[in-house]
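# Geometric and topological summary
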Amino acid sequence: NAPFIFTNFPGQLILGIAFVRVIKWTSVNHFGLLHYFHIEKNPIMLFVATFILLDLGEYVYHIIMHNVPSLWRFHVVHHSDNMVDVSTTLREHPVENIIRLSFTLIWVFISGAVFWTIILRQILQIFATMFAHINYRLPEKLNTVIGFVFITPNLHQVHHHHKRPYTDSNYGDVLSIWDRMFGTLKKLPAQDLVFGIDTHNEKEDNGKFTTLFKIPFYKSR
C-alpha cells in the first residue's frame, strides 16, 4: 500500500493550494453557514460545529462513492485489501484521493470553516481513521460504549466485509451517529468477517500496486 503515498501527493499538493484560497475567500467575505449563524465568535462552538458539519460531509461522500458505479470503480481499490490494518488507510486510488478532497473542499466552502478548525479536525481525523483500521477488536462492552458515538475497529471492519449488505454499511468517518440516524449501521460477529471484496478477491487483482492502479479502468464486475 505504500506506493499510494507517492501517487496521491500531486493531487494533494494542487488541492492544498485550492483549500488555502477557498478558506481565505470565505473568511474575507464571511461566507458559509458558520458565518451566517455567527458561530465563529465562540471558538469551542466553532470547532464543534465545524467538526460535525465536515464529518457529515464525509458520510455523504462515502455513500456516494458506494452508490455511483463510476465512482465505486475507484473506491473498490480501498476495499480490495484482504488484510485490513493501518496500512489500508494508504490504499486509496489517486483519482479517488482527488475526488475525496474535492468533496471536502465543497463542504469547507459551504460551511465557511476557518483554517485552524480544519487543521485540528484533520489531525483528529487521521488518528481516528488509523484507529478504525487497526487489526484488533475491542472488547464488546467497550465497543458498545465507544461505538455509540464514534466509529470503532469493530464497526469499520464490518464495512470491510467482502459482501453486501455489510459492505454498504457503517459509512461514518469519525462519528457513528450518522449511521444510527440514517439506518446504515450494521454489526457482524468477528468469526463471520471476511475482508476484501468479492469481485476482486484474487491475489492477481489485489496483490500488486500496478494491478490495483488499473482496476478502475477495467470492465466493471
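Residues numbered from 1 in each chain as written. Predicted model: local features only at pLDDT ≥ 70, side-chain atom pairs only at ≥ 80, totals over all residues. Heavy atoms only, no water.

The next point concerns the overall build of the protein chain. If you tally the helices and strands in the protein chain, you get 11 helices and zero strands. Element order for the protein chain, N to C, with α for helix and β for strand: α-α-α-α-α-α-α-α-α-α-α. Taking 221 residues into account, the globule formula puts the C-alpha radius of gyration at 17 Å, and the protein chain, at 18 Å, falls close to it. Seen through its C-alpha atoms, the protein chain measures out along the principal axes to roughly 50 × 40 × 25 Å. Classification of the 221 residues of the protein chain by burial places 46% in the buried group. (Helix = DSSP H or I, 4+ residues; strand = E, 2+ residues; numbered from the N terminus. Rg over C-alpha atoms; globule rule 2.2 N^0.38 Å. Buried < 20%, exposed > 50% of the residue type's maximum accessible area, 1.4 Å probe, protein only.)

Summed over the entire model, instances satisfying the criterion amount to five salt bridges. A salt bridge links Arg 121 to Asp 173, with the nearest nitrogen and oxygen atoms 3.2 Å apart. Linking Arg 121 in helix α6 (residues 115–132) with Asp 173 in the loop between α8 (153–159) and α9 (177–182), this pair joins segments that are 52 residues apart in sequence. Of the two residues, Arg 121 and Asp 173, both sit in the buried class. Residue Asp 168 pairs with Arg 164 through a salt bridge whose shortest N-O separation is 2.7 Å. Linked through salt bridges whose partners overlap, the residues forming this network are Asp 55, Arg 121 and Asp 173. (Salt bridge = Lys/Arg side-chain N within 4 Å of Asp/Glu carboxyl O.)

The next subject is the nonpolar core. In this structure, Ile 99 and Val 108 are the most contacted members of the largest nonpolar core, which totals 20 residues. Listing elements by their share of this core, those giving two or more residues are α1 (4–29), α3 (43–67) and α5 (94–111). In terms of residues, this core owes the most to one element, α5, which gives six residues. By size, the runner-up hydrophobic cluster in this structure holds eight residues, among which are Phe 47, Tyr 59, Tyr 171 and Leu 175. (Core = buried A, V, L, I, M, F, W, Y, C linked by side-chain atoms within 4.5 Å.)

Now for unusual backbone geometry. Residue Arg 164 is joined to Pro 165 through a cis peptide bond whose omega torsion reads 5 degrees. On the secondary structure map, Pro 165 appears in the loop between α8 and α9. In the Ramachandran plot, His 30 falls in the positive-phi region, its phi being about 50 degrees despite a non-glycine side chain. Mapped onto the elements of the fold, His 30 is located in the loop between α1 and α2 (33–36). Accessibility expressed as a relative area gives 55% for His 30, which makes it exposed.

Turning our attention to α6. In a regular helix each residue adds 1.5 Å, so 18 residues correspond to 26 Å; α6 covers 25 Å between its end C-alpha atoms and thus fits that length. Tucked inside the fold, the buried residues of α6 contact α1, α3, α5 and α8. (Expected span 1.5 Å × (residues − 1). Contact = heavy atoms within 4.5 Å.)

Turning our attention to the environment of Glu 40. Inspection of the secondary structure assignment puts Glu 40 in the loop between α2 and α3. Placed 10 residues apart in sequence, Glu 40 and His 30 show a C-alpha to C-alpha distance of 9.8 Å. What Glu 40 contacts, discounting residues up to four positions off in sequence, is Leu 34, His 35 and Leu 46.

Turning our attention to the packing of α3 against α5. Two elements in contact, α3 and α5, have axes whose closest approach is 10 Å; the angle formed by their N-to-C orientations is 140 degrees. In this view, α3 runs oblique relative to α5, as classed from their interaxial angle. In this structure, the crossing between α3 and α5 has a hand that is right-handed. Mapping the contact onto sequence places Leu 53, Leu 54, Gly 57, Glu 58, Val 60, Tyr 61, Ile 64 and Met 65 in α3 and Glu 96, Ile 99, Arg 100, Phe 103, Thr 104, Trp 107, Val 108 and Ser 111 in α5. (Axes fitted to C-alpha atoms, helices over the stretch in contact; angles between N-to-C directions. Parallel < 35°, antiparallel > 145°, perpendicular 65-115°, else oblique. Left-handed = near helix turned anticlockwise from the far one by under 90°.)

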